[in-house]
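This is what each chain is made of:
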Amino acid sequence: MSDLVEPAIGRSKTSFINDPKVRSIGLQLIALVLVVFLGWMFVDNARQNLAAQKIATGFGFLDNTAGFGISQTLVPYSETSTYGRAFLVGLLNTLLVAVVGIFFATIIGFFVGIGRLSKNFVVRLLSTIYVEVIRNLPPLFQILFWYLAVLSAMPSPRQSINLLGEVFISNRGIIVPRPVFEAGTGYVLWSFGAALLVVIVLHYWSRERRAETGRGLPMLPIGLGLMIVVPFIAMALTGFPISLERPELKGFNFVGGVRVIPEFVALTVALATYTGAFIAENVRAGIQSVSHGQTEAAHSLGLRNGHTLRLVVIPQAMRVIIPPLTSQYLNLTKNSSLAVGIGYPDLVAVFAGTTLNQTGQAIEIIAITMGVYLVLSIITSVIMNVYNKRVALVER
Amino acid sequence: MSLTFDDGTFIRSELVTPLPPPIRNVGIIGWMRENLFSSVLNTLLTLFGLALLILIVPPMVRFALIDAVWTGENREACLDPGVGACWPFIRAKFAQLIYGFYPIEERWRPNIVFAAGAILLVPLLVPSWPMKRLNALLFFVVYPIIAFILLTGGNIDASSFLFQRFGLIQPITGDASIAGVNIAFWADFVLTALVAAALVGGIIGLIGGNALSAGRAVLLAFAAFGVLVLAWDIDFGLRPVETRQWGGLLVTLVIAVTGIVASLPLGILLALGRRSQMPIVRLLSIVFIEFWRGVPLITVLFFATYMLPLFLPQGANPDGLLRALVGVALFSAAYMAEVVRGGLQAIPKGQYEGAMAVGLTWSQMMRLIILPQALTLVIPGIVNSFISLFKDTTLVLIVSIFDFLGQLRASFTDPNWATPVTLYTGFAFAGIVYFLFCFGMSRYSLFVERRLNTSHRH
């Protein structure tokens, strides 16, 4: 191109404000100045407002005594603990709901997603109704429904519903037996770990053998058997160090056992069913994305239905399912902040709610709360990117 | 041609009529054998599913229709043991669920807003209807202004602009006003517009640009802004209604519609910024989008409620609903930006190159070639994000704005209607309302998707 006739050097005909380079630099400068000005204005206003309201800035308040109780604490906490401790309790409660919710949402999602593609009309109908109804109702509505209409309507502890003689459901929550660990528990845990290790090694060995000879081991019964039988033998040998403390009705309430508060149950059930419906749609889309030719090819190679699904369809479907699945997990974690609507002591309720009201440190507290969720979402997206890179199609 | 054999061999000369398929393989029986009872597992699933349906559906129908109470004045009507839904409760609370505590004699105003919204929205949604551009302009620009004036009562005092600060005009005009419009303010406004236009035009002209068109652009911008302010400023004689009195479905719809109207243009700008060649603009857009997408809406609402007032000048104390609206708009703009970006990425490069080759400027290219295609492509995505926005409006009840769900929750505490079935009736009604809105939107999105045929099904 360069040996084409260049226009006369010197003044070009167009004005320099029409030069794309000048324009782009000018625009960016304007944008930057605007943002900096806005930021400066916010900071300046905030400083003046805080001075006027006599609020001290800084994170020193985290060491002050909180003075309020929290209904569910995973780490030791009392009213004399600090706000920092309250933050930790709230964060752990959020993570607890997220982890339990994700676990159940995944199970629900996979079953319903496969059910949506079932040849069985009744199963398909039920799955479709489930997905359409749940997805089209606001999550907060569902949380309130479970909390107010289902769990609060449970009988009082005296008439609580008894499952298997061990679990009691009442309007005070769900009471389950508490495992008590005595000396020798270590051996049982070690034996469980050893069994797990053996199962993992066996799994890889079986996979290799299948690749070579076409015959693998029936891993599901072997694995489950090993993981149940070995710890059981260990328990028997050490004289059953793990026992269950059964809840007992004394007067108007239960003594012993672990009480799962109704707020936790309502939140977890609502989030798991809500997110499960979305995961079901992702699973369905993922399975549908695997072309039918793959199934036919697998059948013609002589793979049975189960093997076709497990070895051919699902690995390919996972590639499509995983990215939206992680964003659903993230959504569930973010939606767990709806806990504040029913008073479950999660991060937002404890920290951005009670602590903010008590200390008035709006800027610090909201920044920390938002920061926590941002960090969670960044971690998730990093993990997702790594996974995506691993499973992405290697194209020629 | 017919074959004949002498040795008595028999050859059939016509086909046997085929036997009908075995009765077990066709018709209803065949379908059931194929789909419901093909294996032991399948049979078990069918029976289990049927049991579940029988467990769920008849009790629900009995509760909502057969055993339901339809008439009554207070809780006495619904106290009998074993009664179903207490519909009189909904009838008694209906106005509260729709309007909140909006003054009864002023409820014609939200009614007009509802009706106008429906009248403008329906033709916008029917693809074959003509005049889409005018319709969109009416719905996205004119309608919000009218709705704002009707709902709040308008007549917001516009008192001082640029020169007024220095007390330049007041002495000349005094406090004269026409229909609630302050003359001094408007003299100030026009003066400011002229000065700004002259200034910008002058600078552009000095560095070699087109001074006239620059000045005209500034004047146009001022004129548009002026019309907006004037609309708010004129006293239509409507009684002002504070947003604290709004509630129910009205607030739900106000938040949802404001969210979509504000988030669409903002989202388009952000999406363009994110795909821009300019590093600073791109970085700012990415940070903005990822920040809002990374935090839950509740924290955004807390931010808007507790933190935003600190960032504004002292004395500026924006209305509670307005603060929530700002939060919701920013939040949904970030999601909208990602939807629009998806559409922009789906436009083949040839479209950009073609537009540049015929000599269009960047804004012409975007306005005339790229965005129309990109936006049409992502209508389903836009509708989907509107659905989640609609569902998210319920969250405002946490910052004490009583939307539909908030009013419902408040109505549960009325001792006049304290019955064992009140709670379930309320949830059933609200569930039906939310479901109808969201399901309707999702069906519409599917319909558009099918019509555009953007999904590639085998």
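Values in this document were obtained by computation on a predicted structure and should not be read as measured data.

## Things to note about the overall build of chain B
Logical step 1: On a plain count of helices and strands, chain B comes out with 17 helices and two strands.
Logical step 2: The C-alpha atoms of chain B give 31 Å as radius of gyration, which overshoots the globular expectation for 458 residues (23 Å, by more than 25%).
Logical step 3: Projected onto the principal axes, the alpha-carbon positions of chain B cover approximately 125 × 75 × 40 Å.
Logical step 4: Taking all 458 residues of chain B together, the buried fraction comes to 41%.
Logical step 5: For chain B, the share of sequence-separated contacts (at least 6 apart) that also reach a separation of at least 24 residues comes to 69%.
Logical step 6: Accessible surface, chain B as shown: approximately 25400 Å² in total, 70% of it carbon and sulfur.
Logical step 7: Positive and negative side-chain charges of chain B, numbering 29 and 24 respectively, have mean locations separated by a distance of 7 Å.

## Notes on the pairing of strand 3 (residues 173-176) of chain A
Residue and element names in this part refer to chain A.
Logical step 1: In this structure, strand 2 (residues 167-170) lies alongside strand 3, joined through three bridges in antiparallel fashion. Counted as the bridge partner of Phe168 is Ile175 from strand 3.
Logical step 2: Counted along the chain from strand 2 to the antiparallel partner strand 3, the turn is two residues long.
Logical step 3: As paired strands, strand 3 and strand 8 (residues 258-260) are joined by three bridges and run antiparallel to one another. Note on strand 8: the bridge partner recorded for Ile174 is Val260.

## Remarks on unusual backbone geometry
Residues and elements named next belong to chain B.
Logical step 1: Non-glycine residue Met131 carries a positive phi angle of around 60°.
Logical step 2: For Met131, the position within the fold is in the loop between helix 4 (108-125) and helix 5 (132-152).
Logical step 3: Here Ser400, not a glycine, exhibits a phi torsion of approximately 55°, which is positive.
Logical step 4: Its place among the elements puts Ser400 in the loop between helix 15 (379-392) and helix 16 (404-411).
Logical step 5: For Ser400, a relative accessible area of 53% gives the class exposed.

## What about the domain arrangement of chain A?
Logical step 1: Along its sequence, chain A is carved into domain 1 (16-50) and domain 2 (83-154 + 262-391).
Logical step 2: A separation of 40 Å is found between the C-alpha centroids of domain 1 of chain A and domain 2 of chain A.

## Some thoughts on helix 10 (residues 347-359) of chain A
Logical step 1: The end-to-end C-alpha distance of helix 10 of chain A is 16 Å, clearly below the 18 Å that 13 residues give at a rise of 1.5 Å each.
Logical step 2: Restricting attention to buried positions, one finds in helix 10 of chain A the residues Leu347, Val348, Ala349, Val350, Phe351, Ala352, Gly353, Thr355 and Leu356 of chain A.
Logical step 3: In this structure, the buried residues of helix 10 of chain A make contact with helix 2 (83-116) and helix 11 (362-391) of chain A together with helix 11 (297-311) of chain B.
Logical step 4: Structurally, the start of helix 10 of chain A carries an N-cap: the backbone nitrogen of Val348 of chain A is 3.3 Å from a side-chain oxygen of Asp346 of chain A.
Logical step 5: Looking one or two residues past helix 10 of chain A, Gly360 of chain A carries a phi angle of roughly 75°, positive in sign.

## Side note on the environment of Gln277 of chain B
Residue and element names in this part refer to chain B.
Logical step 1: Take Gln277: it is sitting in the loop between helix 9 (248-274) and helix 10 (279-294).
Logical step 2: The exposure class of Gln277 is exposed, given its relative accessible area of 72%.
Logical step 3: Counting along the chain gives 15 residues from Gln277 to Trp292, while the straight-line C-alpha distance between them is 22 Å.

## Digging into helix 4 (residues 139-151) of chain A
Logical step 1: The sharpest bend along helix 4 of chain A comes to roughly 25°, located at Phe145 of chain A.
Logical step 2: Of all 13 residues making up helix 4 of chain A, 10 are buried, and the element is well covered by its neighbours.
Logical step 3: Pro139, Leu140, Phe141, Gln142, Ile143, Leu144, Tyr147, Leu148, Ala149 and Leu151 of chain A are the residues of helix 4 of chain A that are buried.
Logical step 4: Elements in contact with the buried residues of helix 4 of chain A: helix 3 (121-135), strand 2 and helix 7 (262-289) of chain A together with helix 15, helix 16 and helix 17 (422-452) of chain B.

## A look at the interface of chain A and chain B
Logical step 1: Contacts between the two partners involve 60 residues from chain A and, on the opposite side, 60 residues from chain B.
Logical step 2: Counting the surface lost from both chain A and chain B, the interface buries some 5200 Å², and carbon and sulfur atoms represent 74% of this.
Logical step 3: For chain A, the biggest contributors to the area lost against chain B are Gln28, Asn136 and Met370 of chain A; these three give 12% of the whole.
Logical step 4: Inspection of the region where chain A meets chain B yields one salt bridge.
Logical step 5: Residue Arg443 of chain B pairs with Glu132 of chain A through a salt bridge whose shortest N-O separation is 3.1 Å.
Logical step 6: Scanning the region where chain A abuts chain B turns up 15 residue pairs in polar contact (both at pLDDT 80 or more).

## Let's talk about the state of the cysteines
Residue and element names in this part refer to chain B.
Logical step 1: Applying the stated criterion to the full structure yields one disulfide over all chains.
Logical step 2: In this model Cys78 forms its disulfide with Cys86; the gap between the sulfur atoms is 2.0 Å. Across the disulfide from Cys78 to Cys86, rotation about the S-S bond amounts to roughly 65°, and the bridge is consequently right-handed. We note that Cys78, like Cys86, is buried.

## Re the side chain of Thr422 of chain B
Residue and element names in this part refer to chain B.
Logical step 1: Relative to the assigned elements, Thr422 resides in helix 17.
Logical step 2: Owing to a relative accessible area of 4%, Thr422 belongs among the buried residues under this scheme.
Logical step 3: Contact partners of Thr422, with chain neighbours within four places excluded, come to Phe89, Phe412 and Trp417.

## What about the environment of Ala211 of chain B?
Logical step 1: By the secondary structure assignment, Ala211 of chain B is in helix 8 (residues 211-233).
Logical step 2: Along the chain, Ala211 of chain B and Phe404 of chain B lie 193 residues apart, while their C-alpha atoms are 53 Å from each other.

## Side note on the packing of aromatic side chains
Logical step 1: Evaluated as defined, the whole model comprises 31 aromatic pairs over all chains.
Logical step 2: Each ring, one from Phe89 of chain B and one from Trp417 of chain B, has its centre 6.0 Å from the other, and the planes form 55°; the classification is tilted. Remark: Trp417 of chain B occurs in the loop between helix 16 and helix 17 and Phe89 of chain B occurs in helix 3 (residues 87-99); sequence separation between them is 328 residues.
Logical step 3: Among the residues examined, Phe89 of chain B registers a relative accessible area of 1% and is labelled buried.
Logical step 4: Judged by centre distance (5.0 Å) and plane angle (25°), the rings of Phe390 of chain B and Phe437 of chain B are stacked. Here Phe437 of chain B lies in helix 17 and Phe390 of chain B lies in helix 15, a separation of 47 residues in the sequence.
Logical step 5: With relative accessibility at 2%, the residue Phe390 of chain B sits in the buried group.
Logical step 6: Look at Phe437 of chain B and you get partly exposed, because its relative accessible area is 31%.
Logical step 7: Each residue in the set Phe141, Phe145 and Trp146 of chain A together with Phe94, Phe390, Phe404, Phe412, Phe427, Phe429, Tyr434 and Phe437 of chain B is aromatic and connected to the rest through ring pairs, giving one cluster.
Logical step 8: The ring of Phe278 of chain A carries the charged tip of Arg135 of chain A above its face, separated from the ring centre by 5.7 Å.

## A few points about the side chain of Asp392 of chain B
Residue and element names in this part refer to chain B.
Logical step 1: Position of Asp392 among the secondary structure elements: in helix 15.
Logical step 2: Despite its burial, Asp392 pairs with no opposite charge; the closest candidate is Lys391, at 7.3 Å N-O.
Logical step 3: If we skip the residues at most four places from it in the chain, Asp392 touches Leu297 and Phe331.

## Comments concerning a nonpolar patch on the surface
Logical step 1: Judged by side-chain polarity, Phe121, Leu125, Ile129 and Val133 of chain A together with Ile28, Trp31, Met32, Phe37, Leu47 and Leu50 of chain B come together as a nonpolar surface patch covering roughly 850 Å² of accessible area.
Logical step 2: Mapped onto the nonpolar patch, the elements with two or more residues apiece are helix 3 of chain A together with helix 1 (27-35) and helix 2 (40-66) of chain B.
Logical step 3: Ranked by residues supplied to the nonpolar patch, first place goes to helix 3 of chain A with four residues.
Logical step 4: Positionally, Val133 of chain A belongs in helix 3.

What counts and what doesn't
Residues numbered from 1 in each chain as written. Chains lettered and ligands numbered in written order. Predicted model: local features only at pLDDT ≥ 70, side-chain atom pairs only at ≥ 80, totals over all residues. Heavy atoms only, no water. Helix = DSSP H or I, 4+ residues; strand = E, 2+ residues; numbered from the N terminus. Rg over C-alpha atoms; globule rule 2.2 N^0.38 Å. Buried < 20%, exposed > 50% of the residue type's maximum accessible area, 1.4 Å probe, protein only. Contact = heavy atoms within 4.5 Å. Areas by Shrake-Rupley, 256 points an atom, 1.4 Å probe, with all protein chains shown as cover. Lys, Arg positive; Asp, Glu negative; His and termini not counted. Charge placed at Lys NZ, Arg CZ, Asp CG, Glu CD. Pairing = 2+ DSSP bridges. Domains from an automatic or database assignment. Expected span 1.5 Å × (residues − 1). Polar contact = N/O pair within 3.5 Å; in protein donor to acceptor, adjacent residues only side chain to side chain. Bend = angle between axes of the 7 residues up to and from the residue. Buried area = accessible area lost by both parts, 1.4 Å probe. Salt bridge = Lys/Arg side-chain N within 4 Å of Asp/Glu carboxyl O. Disulfide = S-S within 2.5 Å. Phe/Tyr/Trp six-rings, centres within 6.5 Å; stacked < 30°, edge-to-face > 60°. Lys NZ or Arg CZ within 6 Å of the ring centre and 35° of its normal. Patch = residues over 30% accessible without salt bridge, like charges linked within 9 Å, V, L, I, M, F, W, Y side chains within 5 Å.

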